[in-house]
Amino acid sequence: MIQPTASFKENLMLLPSIDGLSRIELVDGSGNVVATIENQPGKQGSLAVYQYLAQEFGALDSEAAQLGLSIFAEHTEDAKNRPGAHPNIDRLVAIIEGASPLQLKVIAD
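Only a predicted model underlies this, so the values are computations on that prediction, with no experimental measurement involved.

Draft legend 1. A look at the side chain of serine 46. By the secondary structure assignment, serine 46 is in helix 2 (residues 44-57). One polar contact links serine 46 to asparagine 88, side chain to side chain, over a distance of 3.3 Å. Apart from residues lying up to four places away in sequence, serine 46 is in contact with Ile37, Phe72 and Asn88.

This is the structure in structure tokens:
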């Protein structure tokens, strides 16, 4: 498991490549896709983080969410100050605060 630094940019360099990845679907306990993170500009950092969490934990639970917030580094504080500006970080905060865990379905190209 990586040891996140205080820099999101540095942390991204520690994560596996997202080459060949189309998207990640976040699935609730009823099997419904509640969110999707596409492999497109502006979302690739989140895609890399969520892919890593899927590889390490298999699901997005409180422990995975804590690590995710550490990886997002300085963006986590910004997300807490501006709810809605970073929905993929907001989701991690919500899980830590008691929202139901989500399954992470990694979809290749």
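Still more ground to cover, so stick around.
Draft legend 2. Focus on helix 2. Under the 1.5 Å per step criterion, the end-to-end length of helix 2 is 20 Å for 14 residues, consistent within 8% with the ideal 20 Å. Extensive coverage of helix 2 is indicated by the burial of 10 of its 14 residues. Among the residues of helix 2, those classed as buried are Gly45, Ser46, Leu47, Ala48, Val49, Tyr50, Gln51, Tyr52, Leu53 and Ala54. In the stretch just after helix 2, glycine 58 is the one whose phi turns positive, near 80°.

Draft legend 3. Structural detail: the pairing of strand 2 (residues 33-38). Note that strand 1 (residues 21-27) and strand 2 share 5 bridges and pair antiparallel. Along strand 2, the bridge assignment pairs valine 27 with valine 33. The loop that links strand 1 with its antiparallel partner strand 2 comprises 5 residues; one of these, glycine 31, has a positive phi angle of about 90°.

Draft legend 4. The nonpolar core, seen in detail. Counting residues in hydrophobic clusters, the biggest one holds 31 residues, and the most contacted among them are Leu26, Tyr50, Leu53, Leu60, Leu92 and Leu104. Those elements that provide at least two residues to this core are strand 1, strand 2, helix 2, helix 3 (62-72), helix 5 (87-96) and strand 4 (102-108). The dominant element in this core, judged by the number of residues it contributes, is helix 2, at 7 residues.

Conventions adopted
- Residues numbered from 1 in each chain as written.
- Predicted model: local features only at pLDDT ≥ 70, side-chain atom pairs only at ≥ 80, totals over all residues.
- Heavy atoms only, no water.
- Helix = DSSP H or I, 4+ residues; strand = E, 2+ residues; numbered from the N terminus.
- Polar contact = N/O pair within 3.5 Å; in protein donor to acceptor, adjacent residues only side chain to side chain.
- Contact = heavy atoms within 4.5 Å.
- Expected span 1.5 Å × (residues − 1).
- Buried < 20%, exposed > 50% of the residue type's maximum accessible area, 1.4 Å probe, protein only.
- Pairing = 2+ DSSP bridges.
- Core = buried A, V, L, I, M, F, W, Y, C linked by side-chain atoms within 4.5 Å.

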